[in-house]
Every structure is written in C-alpha cells, then in structure tokens.
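Coordinate inspection notes
Each chain, letter by letter, is given below.
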Amino acid sequence: MTDFVPAAARRNIPNARLAIALLAGTMLAGVPQIAVAQEESDQAAAPAPVPQRDVVRTISVSGAQRLEPQTILSYIRLRVGDTWTQALGDQVLKDIYATELFSTASVVNNNGDVVITIVENPVINRIILEGNKRLKNDKILPEIKLSPRQIFTRSKVRADVARIIELYKRQGRFAATVEPKMVELSQNRVDIVYEINEGPKSKVRQINIIGNEKFSDGDLRGEMLTKQARFTSFFSSNTSYDPDRLAFDQQKLRQFYLTEGYADFRVVSAVAELTPDKRDFIITYVVEEGERYKFGDVKVESQIRDFDSEAMTGRLAMTQGDWYDAKAVEDTVEQLTELAGTFGYAFADISPEFNRNPETLTMDVTYVLREAPRVYVERIDVNGNTLTQDKVVRREFRSAEGDAFNSLAVKRSTARINSLGFFQENFEINQVEGSQPDRIVLEANVEEQATGELQLSAGFSSLESFILAGSIRQRNFRGRGQTIGLSLNYSRYSRSAQISFTEPYVFDRNISLGFDVYRRDYNSFNFRNSQRNTTFEQSTTGFSLRAGVPVTEYVSAIGSYTFNYDDISLGQEYFSDRDGDGVFTCDPIIAGRYLCEAIGNRVSSIVGLTLVYDTLDSRLRPSRGETASITTEFAGLGGSVKYLRARTRAAKYWSVGSGFIFSVTGEGGYIHGLGGSNGPGTDSVRLTDRFQLGEPQIRGFDIRGIGPRVVRLQYVDDDNDATTPDVPQSIEEALAGRRRVDDALGGRAYYLGRAELELPLGSGARELGLRPSLFFDVGSLFKVTRPLLQDFPLGIQEQDADGNPIYLQRSVDDRGNDVLLRVINPTAPDGSTNSPSYIGGTNFKEVFVGDSPSPRISVGIGVNWNSPFGPFRIDFSKVLKSQTGDDTKRFSFNVGTQF
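Focus on the overall build of the protein
Within the protein, the regular secondary structure consists of 17 helices and 42 strands. Within the protein, buried positions represent 40% of all 899 residues. Residue pairs at least 24 apart in sequence account for 60% of intrachain contacts in the protein once pairs closer than 6 positions are excluded. As displayed, the protein has an accessible area near 47,400 Å², and 53% of this comes from carbon and sulfur atoms.

Structure below.
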C-alpha cells in the first residue's frame, strides 16, 4: 500500500502515516480479512509518529540591544525545521557563549517555537589602572587586550590580569597582584578598574653553589652577573631575579672554568626558588668541575698555500704544557681569521679540532685553515644616508671596487666612518657574498644622526662668578661633511666670539682647508679692600688659516698661519702721577711690574706645523687605539712678538672588557722667548703669551688655578701701637680672605696627565645615555722669571726722581677702610702741608708662589649624560696634592643640545 503514497508525503513521515490510515479506512469493506490483518501487522511494525511540537517552527531572539537578531541567529547551528532535542538546545547555548558577546543566555522550546533570551555584555567605557607607580600607564595599556569601546569579556580580563602580572615579573616584582573590578554605568556601559599591588622588588637573597671544590663560592659568585642582595648593593640593578640572567650566569660559570682548564665542567642544574612570601629568590647551582687539563699538541694545519703551517704553529700564543684556556683558543681563531683576511681570504674557514686525553689530562688542539678562494671587492654599497652624500662615505673607504679583499682595510674604513660622527655608534661594514664565490660586496648600512650641536655651558668660578658660553655648529653642513660653527662666550670678565669653517676634502681631494675669525676680550682681576678690581684688559682680534694633508694612512700634517692684534691696558686706578708732573703712568706699587710691562698694542704673526698620528676607532668616543701629535709655532714672521713654542700630546685607549674603557692621556709644552727681557724682574715671554693651567684641562682646580702667581699679604695692626711694626698676614690668610690680591702669571712650561676609566652601567642606564667615569689628573705649570716684589710696611720712606722724600702712611677713607697714602715732602716751600695722595689700599707685602714643577694631583668621578635636553657633563673632584697659591674647585658642569 505504500506504492499509493505520494513522494511528497513520504518525505513528511507523520503526514504519510495519516494518508495510509485514510486509505485503509475507505477500503476495509471490500478487502478480505486477511488483508486487513496484514495491514494491521504492518502498522504495528512501523515506528511511532513524532509529535508535532518537537519540530522547530520558529526561532526568535529576546533581549538584543546592540546586535541585530539575525546576527545572533547566525552564530548558532539550530535552524527552522530541525527536530528539537535537549542536546541541540545545549549546543545553542554553547554557540552563544562562544561568541563572548553575552553575559547570560537561555533557550526555551514552546511547542516548536524556540525563544532565545540573551543579556549582552556591556561596552567598556574606560580602562583605569590604580596603584601602579613603577610601571606607568603608557607601559601597561599597550600590552593589554581590552580597550575603550570594546565588548567586555571575562576571558580578556583574565588575560589582561595575567599580562600585567607578567610585566611586573619582568621588572623583578613577583609578589605583584592585580584585582580587576567592574563599575556599572548607564546604557550598559562599564569601567574596568585594575587595582594593582606592585609589591617589593624580588631580590636574590642567596646564591648557593653545590659541587665546587677548586674555587670558593665567593670566587664563582664574582663571575656571575646576578648578585646577592646586600646593604652594600643598594644601587645595583643586578640583585633582582631575571630568568635570562640566570641562563647567562650558567654560561659565565662554564666560560670561567674553561679558561681555567676544566674542560669537563658542566652545570648539572640551576634552580630558582621563590620564598613563600614571594619577596626573594634562592638560587641553587649544582656543578661538576671535573679534572683540569693542559694543552697537549698544539699546531696549525693550513690548506691555503699562502700560509706555512709550521711557521704559523711557531707563532701561536699557547704551547704544550700550558694550562688549557678556551678563551685563548677563541682569540687565536679570531687572530687567524683576521690574518687570512689581510691576504684576501674573506671567507676562510678556520676551526679548531679538539682531542681530549682523559688519561694524561691533556687537550690537543689543531687549527685547520681550510681551502678558500681569494676574494675581491665586487661592489661597495652605501645605504640609509638621507642627508649625507654618497661620496662623503665612499671617500673614507680604504678599499676600492676591484681590489683584493683586506680585513685590515675594512677595519680601518669602519674606524674612519665612525670618526665622522654622522652616523650611529658602533657602525660596522657588512660583508656579503657577491655574484661569484670569489666576490664580496661591502655594505655600509648607515643610520643618520644629529650632526648639529647647540652647546650651552654654565659654570661658577670663585674668580668670575657665573660663566655662560654658547656655540652652534654643524658638522655635516649640506651633507658634504663640511663643518661650520659660531661660538659666543660671556662672563663678567671675559667675552669672545668666533666663526669657523672647515672643508675636509678640497675639490674632492684629500686636502683639508679651514679658517677661524675671532674677537676675544679678557679682563684679569683681583680683590682689594673687599672690592673686585680689574687688573688688565686684553682685546684680541685676529684670524687663523689652516690646511692639512695626509702623509701616510695614519699620519697627517697640518700647517697654520695666525694673525693677532692685541690691545692690553690697565684700569685708571693703576696709574698715578708719581713724579707730580701731571703725567699719569702705570704705577708698579699698585699694579706690579708684571702688569705694567704687559700693557700696550702688539701684532703677532704666527706660523705653525702639526704632525698627527691617529689609529683611534672613533675620534668622538674612542674605545681603542692611540693618537699622538706634536705642534711647533714660530711667532716673528713680521709683527712685534717673537717666540718659539712647542706642544705635544698623546693618548691611548683600551677596551678592557665588560664595557670598561680605560684611557691614558699625556701632554706638555714649552715656550721660549726670542726678544729678550725688558729689564730686571721681567720675563722674555709676555704675560699674555704664557701657558695657563686649570679648569678644564685639569679637574679639581679653577680657571688659571695652577702655576706661578703673586700674592699680596696685608699688614695687620695686631696691637694698635703705631710705634710697633705691623705683622703681615700668612699666605693662607691672604688667599682665604675677602681682600685677596692674587695675580696668575702663567708659565713657560707645563705638563699634564690623565688616566680615566669609563664604567659600564645596566641596559636601562645605557638607554638613558649615562656614561660615568673615574679619573686621575696630574699636572703642573712652572718656569717664569721671578718678578720684582714689593714690600710696603707702615712708615717706609722712598725718594722721588728729584731726591725728595716720599713717606707712606696709613689712614682711613670715608668708607672706614684702611688705605695707604703717599706724602711727597710733607712741608711745602711756603711752610704749608702737602696733601697726601691715595695709592690704593693698605700697606702690603708681596710674595711669589707656585713656580714649581711639583705635580698637582686630583681624583674624582664624572658623568656624561645624553639627556633629553642635550649632552650634560658633571664632575666632582678631590685635590690630593696642591701648591701654595693654587685655587681649587670641587664641582663643575656644562650642558648642551643637538639638532
């Protein structure tokens, strides 16, 4: 009977069963009973019909606000016409919650009408961080997933909490906790608040080492970067726990043992345990030292025909019987690689082969130089230069395209490009394989940096009070490598201005040319009766021309010509009409003969020659290499000044490992006058041509604070008895007093030495540009003709040119200051009394001090800082040795900026 059921009815099982029943009812009368019985048997065998209410007729969404119902329905798998089951309802809920868009959801089947009721997750209004002091918002917010205007989800909150805690762990704060809170707002919006308890920084409380017998725990801890937290390590950043540092320390331990000959050493385990309070870590290393080895048979096997194996073996640093040292092996490989590079084998494969002999405790090492083709420079590429012209970089290369490769030439090229100061620090030339195995491409991938400098310096001097200086300089003018600059200096007693220009390659040839035009006004001064007095004024107007040519790769010659016009004068208070003839001249009693003989106009015409030897890796911030120079100058090619002056300077830099840079600098000079002296007590070299020494050449001393000088000691009336001679001050009292009269004379000879150790800091400090250093300065300025000194106690009698007596007597001026008066023939011819004339201060005694080659020594610490507002230098100094009359200074700084 199923043949009578239409196909459409068979697709709908309940309807098909109904049709069969209807057909059976209409045909019962004419069908034999046996047929009816068969039909009843067929119906009994068929499955029960599905109730109509289990078929999904409609699906609706209730509670939607921001999302469209159709969008929500697209997230689920349930469709109209499906048979409803509880499992299918559960799947609907899973699909809805998987979107993370809804906080609650429910599904109800009402006789085939399915209703999905949802509550949407709120929208985030703000993300608020509270309690974070060590990590600011700009460090945390970019790392978390949630942000304003996003849909709130619990999983993202949990992920954000974990991420914030991870950020604090990287800072060493393992006790940090984060409590998320939600503040409900109108319109289904919320503020998410992360309450952060940063906790203390987790320190390394203890480092335990198990298994070490040859070296103590203290020796091994000293090799590690991680340090134990102690009160003496307050400023150290290496006392916090860092998993990366833990791995690095294991390598440091292995490196240390290998350099000491323990080739079998290994770190069995390294465990860092967090204390229960999550404040500190205890790190435990378990090590196996093994036996100590010596070098056995050490040799070189060369497969390159240009190298003789036996000759190279004889030049090895290690020999049989020496304690095994892995660092020496690495250094030897590097040296052999560099040697191969100098012969043009850029890609020489040099590998050490080891043969360990546990019975004899020896290590055989064979350095194998495998066959490699000689390499030639195929091409030189310059990339990344946006301002600097290509030729400025290319002319510093010591190799040309087509030349045989030479590693020394590449290293020298790197140093020369670094010395330009136009590009990033630690610039390196990359070596890339060329189009053929015997070709190489040299790549200079540069990163431009600021080459303009705006320098602002400020200082305080006990002599000049505040000192201000400013300069602007462009070291890469128009990208051509030219230098142009303007500088201005101002203080109460000195002013200067200068314009300079340098072209390092004239007409693209290796010849430099430059000039300076300047004006300098300088006032020397002292104190008398608590008043600051200018002693002499010097105005210099001039220019300088210079030209340089290379003599060899490392030696250059620089010639110069300088023309100066000097005008030196004294203040009117130093002039007097000593003879009473109405002509005022410089009075040596007031000014001193060393000042009187310096006044006047003069012209200096100076030619000079300088030889410079330079192998520094960088002229701006050298870390290795050496430099030396010698300069001779002759004044007398015209003009009124004649002298011969020589100066020399040398410096050497070492990179002593772990970021330490040690340098030693020495210099000295001597000037010899060619014009002869102007009389007793005068030097053949004028005051303004002599050397001066002090800040900044030697730290710990003020400007012109070292060398020969004349100090005036005031006579002190200690008993108020006019008949008893007064007592002069001590030199210490005169130098410390407000009435100090201290005239620096300069010297004809000087020397200066300096040793400095630049200290490395952590990565954070390096990013800030901090570079501290310890320094040791030593130097002296000496050799000048002893001046004629003056001694004017109360009541001294002189004679003028006509033989008339001159009496000096003390009085009091209208300000209450003691003054020295000169009386010429107190009784006039008519019987009246002559008026005394004021000659400038109390009675005094001059002493000559400081003319000694004995060294002045100072030590201290200085810090260079590439601050956000420019380069900053600060020095704190302690003078260990000085001479009487020296002017010391503890603190100095200067600051500038770059553009």
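Past the structure itself, the notes keep going.
Section: helix 13 (residues 407-420)
Spanning 14 residues, helix 13 covers 20 Å between terminal C-alpha atoms, matching the ideal 20 Å at 1.5 Å per step. Burial of helix 13 is extensive: twelve of the 14 residues sit out of reach of the surface. Taken together, the buried positions of helix 13 are occupied by S407, A409, V410, R412, S413, T414, A415, R416, I417, N418, S419 and L420. A side-chain oxygen of the first residue of helix 13 lies 2.8 Å from the backbone nitrogen of L408; this N-cap is N406. Of the residues flanking the end of helix 13, it is G421, one or two places downstream, whose phi is positive at about 75°.

With respect to unusual backbone geometry
A cis amide bond, omega 5°, links E695 with the succeeding residue P696. If you trace the backbone, P696 turns up in the loop between strand 28 (660-673) and strand 29 (709-716). Here the phi dihedral of Q187 falls at roughly 60°; this positive angle occurs in a residue that is not glycine. Checked against the element boundaries, Q187 lands in the loop between strand 5 (177-185) and strand 6 (189-197). Since its relative accessible area comes to 69%, Q187 is described here as exposed.

Examining the pairing of strand 3 (residues 113-120)
Going residue by residue along strand 3, you find V114, I116, I118 and E120 tucked away on one face and D113, V115, T117 and V119 left uncovered on the opposite face. Examined bridge by bridge, strand 2 (residues 102-110) and strand 3 share eight bridges and lie antiparallel to one another. Each bridged residue has a counterpart across the sheet, and for N110 the counterpart in strand 3 is D113.

Remarks on the packing of aromatic side chains
Overall, the coordinates contain 21 aromatic pairs when judged by the stated rule. Ring centres of W654 and F662 lie 5.7 Å apart, and the angle between their planes is 25°; this geometry places the pair in the stacked category. Under the relative-accessibility criterion, W654 is labelled partly exposed at 33%. Residue class for F662 comes out partly exposed when judged on its relative accessible area of 29%. Cluster of aromatic residues (ring-pair linked, three or more members): F215, F256, Y257, Y262 and F265. The ring centre of Y293 lies 6.0 Å from the NZ or CZ of R356, which sits over that ring. The side chain of R520 reaches across the aromatic face of Y518, ending 4.0 Å from its centre.

Side note on the packing of helix 11 (residues 326-342) against helix 13
Close contact between helix 11 and helix 13 brings their axes to 6 Å; oriented N to C, the two are set at 100°. Our classification of the angle between helix 11 and helix 13 gives roughly perpendicular. Each of E338, G341 and T342 in helix 11 lies in contact with helix 13, whose residues at this interface are S407, L408 and K411. Across the contact of helix 11 with helix 13, the residue classes break down as one nonpolar, three polar and two charged.

Some details on the environment of E198
With respect to the helices and strands, E198 occurs in the loop between strand 6 and strand 7 (203-210). You can call E198 buried: its relative accessible area is 8%. Considered as a pair, E198 and R134 are 64 residues apart in the sequence and their alpha carbons are 7.7 Å apart. Those residues within four positions of E198 in sequence are excluded, and the remaining contacts are G131, N132, K133, R134, L135, Y168, R173, A175 and A176. Polar side-chain contacts of E198 include one of 2.8 Å to the backbone nitrogen of R134.

Here's the deal with the pattern of salt bridges
Enumeration according to the criterion identifies 38 salt bridges in this entry. Taking the shortest distance from any N to any O, the salt bridge between E353 and R370 comes out at 3.4 Å. With a gap of 17 residues between them, E353 in strand 11 (residues 349-357) and R370 in strand 12 (residues 362-370) connect regions that are remote in the sequence. Where D438 meets R439, a salt bridge forms, and the shortest distance between an N and an O atom there is 3.0 Å. Using a relative accessible area of 25% as the deciding quantity, one classes D438 as partly exposed. Among the ionic contacts, a cluster of salt bridges with common partners joins E396, R398, R412, R416 and E553.

Digging into the sheet that holds strand 13 (residues 376-383)
Strand order in this open sheet of three strands is 13-15-14, and the pairing throughout is mixed. Bordering the open sheet on either side are strand 13 and strand 14 (430-433), each of which pairs with just one other strand. Strand-to-strand twist across the sheet, computed as the mean angle between neighbouring axes with direction ignored, equals 30°. In terms of strand pairing, strand 13 meets strand 15 (residues 439-445) through seven bridges, oriented parallel. Counterpart to N383 in the pairing with strand 15 is N445.

A look at the environment of G681
Following the sequence through the fold, G681 ends up in the loop between strand 28 and strand 29. The buried category is assigned to G681, whose relative accessible area is 16%. On a C-alpha basis, the gap between G681 and V784 in space is 9.8 Å, while along the polypeptide they are 103 residues apart. With near-sequence residues (within four places) excluded, G681 lies in contact with T785, R786, P787 and L788.

Some points on the side chain of S302
Its location among the elements puts S302 in strand 10 (residues 294-302). Residue S302 is classed as buried on the basis of its relative accessible area, which comes to 18%. Among the polar contacts listed, one links the side chain of S302 to the backbone oxygen of I304, at a separation of 3.0 Å. Among residues more than four places away in sequence, those in contact with S302 are F307, S309 and L369.

Some thoughts on the sheet that holds strand 1 (residues 58-62)
Sheet strands associate in pairs through backbone hydrogen bonding, adopting either a parallel or an antiparallel arrangement. Strand order in the open sheet made by the three strands is 1-3-2, with mixed pairing throughout. Where the open sheet ends on each side, the last strands, each with one partner, are strand 1 and strand 2. Within this sheet the neighbouring strands show an average axis-to-axis angle of 15°, counted without direction. Bridge analysis of strand 1 against strand 3 gives five bridges, and the strand direction is parallel. Across the sheet, V61 pairs through a bridge with I116, a residue of strand 3. Across the face of the sheet, helix 5 (residues 86-98) comes into contact with strand 2 and strand 3 while running at roughly 155° to strand 2.

Overview of the nonpolar core
Within the largest apolar cluster, 25 residues are counted, with the highest numbers of intra-cluster contacts made by F295, F307, Y324, Y345, I350, Y367 and L369. Of all elements in the fold, only strand 10, helix 11 and strand 12 reach the threshold of two or more residues within this core. Every residue in contact with L369, bar those within four places of it in the chain, is listed here: V300, E301, S302, Q303, I304, F307, M312, L336, D349 and I350. Of all hydrophobic cores here, the second largest spans 20 residues; its members include V375, V382, V393 and F422.

With respect to a nonpolar patch on the surface
On the surface, L454, I472, L486, L488, I499, F515, V517, F543, L545, F563 and Y565 cluster together into a nonpolar patch covering about 900 Å² of accessible area. For the nonpolar patch, the elements supplying multiple residues, two or more each, are strand 18 (482-491), strand 20 (512-528), strand 21 (531-550) and strand 22 (555-570). Locating L454 in the fold gives a position in strand 16 (residues 452-461). Classification of L454 by relative accessible area gives partly exposed; the value is 33%.

Criteria and cut-off values
- Residues numbered from 1 in each chain as written.
- Predicted model: local features only at pLDDT ≥ 70, side-chain atom pairs only at ≥ 80, totals over all residues.
- Heavy atoms only, no water.
- Helix = DSSP H or I, 4+ residues; strand = E, 2+ residues; numbered from the N terminus.
- Buried < 20%, exposed > 50% of the residue type's maximum accessible area, 1.4 Å probe, protein only.
- Contact = heavy atoms within 4.5 Å.
- Areas by Shrake-Rupley, 256 points an atom, 1.4 Å probe, with all protein chains shown as cover.
- Expected span 1.5 Å × (residues − 1).
- Polar contact = N/O pair within 3.5 Å; in protein donor to acceptor, adjacent residues only side chain to side chain.
- Pairing = 2+ DSSP bridges.
- Phe/Tyr/Trp six-rings, centres within 6.5 Å; stacked < 30°, edge-to-face > 60°.
- Lys NZ or Arg CZ within 6 Å of the ring centre and 35° of its normal.
- Axes fitted to C-alpha atoms, helices over the stretch in contact; angles between N-to-C directions.
- Parallel < 35°, antiparallel > 145°, perpendicular 65-115°, else oblique.
- Nonpolar A, V, L, I, M, F, W, Y, C, P; charged D, E, K, R; others polar.
- Salt bridge = Lys/Arg side-chain N within 4 Å of Asp/Glu carboxyl O.
- Core = buried A, V, L, I, M, F, W, Y, C linked by side-chain atoms within 4.5 Å.
- Patch = residues over 30% accessible without salt bridge, like charges linked within 9 Å, V, L, I, M, F, W, Y side chains within 5 Å.

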